[in-house]
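Secondary and tertiary structure notes
The residues making up each chain are set out below.
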Amino acid sequence: MHYKTLGRTGLSVSVAGLGCGGHSRLGQAYGNTVEQSIAVVHAALDLGINWIDTAAAYGTEKIVGEAVKDRRDRIMISTKTAILPWGQPSAKPYSGVEILEQLEKNLGRLGTDYIDLYNVHGLVHEQLPYVNAEIVPALIKAREQGKIRFLGVTEHFGSDTNHKMLSAAVPTNAWDVVMVGFNLLNPSARRNVLRLTQAHNVGVQDMFAVRRALSNADGLKEALDQIEKAGQLDRSKLDTADPLGFLNEGTDGIVDAAYRFCRHEPGIDIVLTGTGNIDHLKENVNSINRGPLPSKSLARLEELFGQVDSVSGN
Ligand SMILES: NC(=O)c1ccc[n+]([C@@H]2O[C@H](COP(=O)([O-])OP(=O)(O)OC[C@H]3O[C@@H](n4cnc5c(N)ncnc54)[C@H](OP(=O)(O)O)[C@@H]3O)[C@@H](O)[C@H]2O)c1
């Protein structure tokens, strides 16, 4: 496992991080038992992963807490709360006091007395002024009390595919680490976010490296249709039967290529991989620790998708 310094936090983090949300939620989304999901976390730690990302909304904090209880001091936990009750977009946002109550719940589920990175989850641009005025001061108080070590924010990539929120949030310097959506179909964070995070020494977690579009043929077709509809893809440049077939050269296939693409992007510190399958986890950790893609493939990706900012690949 390779390790990197996570921006201004100074933390030494594994370049692969275990994502406990997404479509898998450690396999809880498709029937893994709690014991099987705990085994996925243990496999990650045994492979040298020291960074785990979870959230109140994923329903996996208790599993993470149980899995790491004997080695809490050797691993780092990133967790999150949204500023609205999850799934209720028209609800009143939490006050600073209410966010601190949410934090106590995160701590309780994780069975820990501190969180390494506490993130505001899935923030959108319109909510930023409220968060800066009301939520950030509360989180600073929690940091002073030792309940959280660093402040983070994650974007809502599904609806914010060109990073409007993060491109405004990073320069405020309120956030030590951000989570950005970046993958080979939509590399727009390169110009909209990663340039800024590097200038401000902000750490970066990458999400959506693979998601459905790069792990599933139907997901890929949907994403390509969406990019074409947005006028950002010349379909005639792609092989209809195997649109990303060119990525097979020098790789073990699209998933391997997708993780390696993200891992070697300047400014990305941690590539999250989300799975409930230990074999997938081993393959993905191997990919994230491999070298960059062949320069011919990178040039082709740049030509095809370099200007895309219209899909997440969800
Ligand atoms: N706004 C936010 O804050 C936000 C939003 C989304 C995600 N996140 C975080 O980012 C993390 C990463 O996102 P993600 O979970 O979507 O991860 P991802 O690594 O981009 O994609 C995971 C998907 O690909 C499949 N997969 C993984 N490895 C595979 C392999 N080797 N072969 C075939 N299929 C494979 C997984 O299914 P299997 O289980 O079958 O492997 C899963 O459906 C999340 O877990 C979460 O922690 C945060």
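I will try to describe carefully the structure that is included in this document. Sequence order as written defines the numbering, with residues in each chain counted from 1. Only residues with pLDDT of at least 70 are given local features in this predicted model, and only at 80 or more are side-chain atom pairs given and counted; all residues enter the totals for whole chains, interfaces and linings. As a convention, hydrogens and water are excluded, and side-chain values are obtained from all of the structure's heavy atoms.

**A short note on the environment of Ile 270**
Which entries qualify depends on this criterion: Working definition: helices are DSSP H or I runs of at least four residues, strands are E runs of at least two. Numbering for both runs from the N terminus. In what follows, a contact means two residues having at least one pair of non-hydrogen atoms within 4.5 Å.
Among the secondary structure elements, Ile 270 is positioned in strand β10 (residues 270–274). For Ile 270 and Ala 299, which are 29 residues apart along the polypeptide, the C-alpha to C-alpha distance reads 23 Å. With residues up to four places along the chain from it excluded, the contact list for Ile 270 reads Leu 6, Val 13, Ser 14, Val 15, Ala 16, Gly 17, Trp 51, Val 204, Gln 205 and Asp 206.

**Some words on the site of the ligand**
How we decide: Consider each residue's heavy atoms; a residue with any of them within 4 Å of a molecule or strand counts as near. In the analysis that follows, any N or O atom pair within 3.5 Å is treated as a polar contact, provided that within protein one partner can donate a hydrogen and the other can accept it, and provided that, for residues neighboring in sequence, both atoms belong to side chains. The pocket and cavity definitions rest on a 1 Å grid over protein atoms only: a 1.4 Å probe that fits but cannot leave marks a cavity, an open set with protein on both sides within 12 Å along at least five of seven lines marks a pocket, and residues lining either have an atom within 4 Å of a point. Whether a molecule sits in a cavity or pocket is decided by its atoms, more than half of which must lie within 2 Å of the grid points. All residues other than Ala, Val, Leu, Ile, Met, Phe, Trp, Tyr, Cys, Pro, Asp, Glu, Lys and Arg, Gly among them, are scored as polar; the first ten of these are nonpolar and the last four charged.
The full set close to the ligand counts 30 residues, and Ser 24, Tyr 30, Asp 53, Tyr 259 and Thr 275 are the nearest of them. Side-chain polar atom of His 121 to an oxygen atom of the ligand: 3.3 Å apart, as the coordinates give it. One can see that the ligand is located within the largest pocket. Only β7 (148–155), α8 (254–263), β10 and α9 (278–288) provide two or more residues apiece to the shell around the ligand. Looking at the shell around the ligand, its residues break down into eleven nonpolar, 14 polar and five charged.

**Considering the pairing of strand β5 (residues 76–81)**
Spelled out, the test is: Throughout, exposure labels follow a simple rule: accessible area from a 1.4 Å probe, protein chains only, divided by the maximum for the residue type, with under 20% read as buried, over 50% as exposed, and the rest as partly exposed. Looking down the strands as they point away from the viewer, one classifies a crossover as right-handed if the path from the first strand across the helix to the second runs clockwise.
Burial analysis of β5 places six of its six residues in the buried class, the great majority of the element. What you see with β5 is no split at all: Met 76, Ser 78 and Lys 80 on one side and Ile 77, Thr 79 and Thr 81 on the other are buried throughout. Read from strand β4 (residues 51–53) through helix α2 (residues 61–68) to β5, the crossover connection turns out right-handed. For the handedness criterion, the β-α-β arrangement of β5, helix α3 (residues 96–110) and strand β6 (residues 115–123) is classed as right-handed.

**With respect to the environment of Arg 191**
Note that Arg 191 resides in helix α6 (residues 189–200). Sequence separation between Arg 191 and Leu 151 is 40 residues, and the spatial gap between their C-alpha atoms is 23 Å. One polar contact links the side chain of Arg 191 to the main-chain carbonyl oxygen of Gly 306, over a distance of 3.3 Å.

**Topic: the packing of aromatic side chains**
Stated formally: Aromatic pairing here means that ring centres of Phe, Tyr or Trp (its six-membered ring) are within 6.5 Å. Orientation follows from the plane angle: under 30 degrees is stacked, over 60 is edge-to-face, and everything else is tilted. Geometrically, a charge over a ring is one whose NZ (Lys) or CZ (Arg) sits within 6 Å of the ring centre while staying within 35 degrees of the ring normal.
Evaluated as defined, the whole model comprises two aromatic pairs. Ring geometry for Phe 157 and Phe 208: centres 5.2 Å apart, planes at 85°, overall edge-to-face. Of this pair, Phe 157 sits in the loop between β7 and α5 (164–169) while Phe 208 sits in the loop between β9 (203–207) and α7 (217–229), and the two are 51 residues apart along the sequence. By the burial criterion, Phe 157 is buried, and Phe 208 matches it. The ring of Phe 246 carries Arg 300 above its face, with NZ or CZ at 4.8 Å from the centroid.

**Observations regarding the sheet that holds β10**
Condition: Pairs of strands are assigned from DSSP output, requiring at least two bridges between the strands. Orientation is described by axes fitted as lines to C-alpha atoms, over the contacting stretch for helices, and by angles from 0 to 180 degrees between their N-to-C directions.
In spatial order, the strands read β3-β4-β5-β6-β7-β8-β9-β10; together these eight strands close into a barrel with parallel pairing. When the angles between neighbouring strand axes are averaged without regard to direction, this sheet yields 25°. Relative to β6, α3 is tilted by about 125°, and along the sheet it contacts β5, β6 and β7.

**So, α7**
Selection rule: One fewer than the residue count of a helix, multiplied by 1.5 Å, yields its expected span.
Compared with an ideal rise of 1.5 Å per residue, which puts 13 residues at 18 Å, α7 spans 18 Å between its outermost C-alpha atoms and is within 8% of the ideal. Against the buried residues of α7 lie α10 (295–305). A side-chain oxygen of the first residue of α7 lies 2.9 Å from the backbone nitrogen of Asp 218; this N-cap is Asn 216. Positive phi shows up at Gly 231, right after α7, with a value of about 75°.

Taken by themselves, the reported measurements are silent on function.
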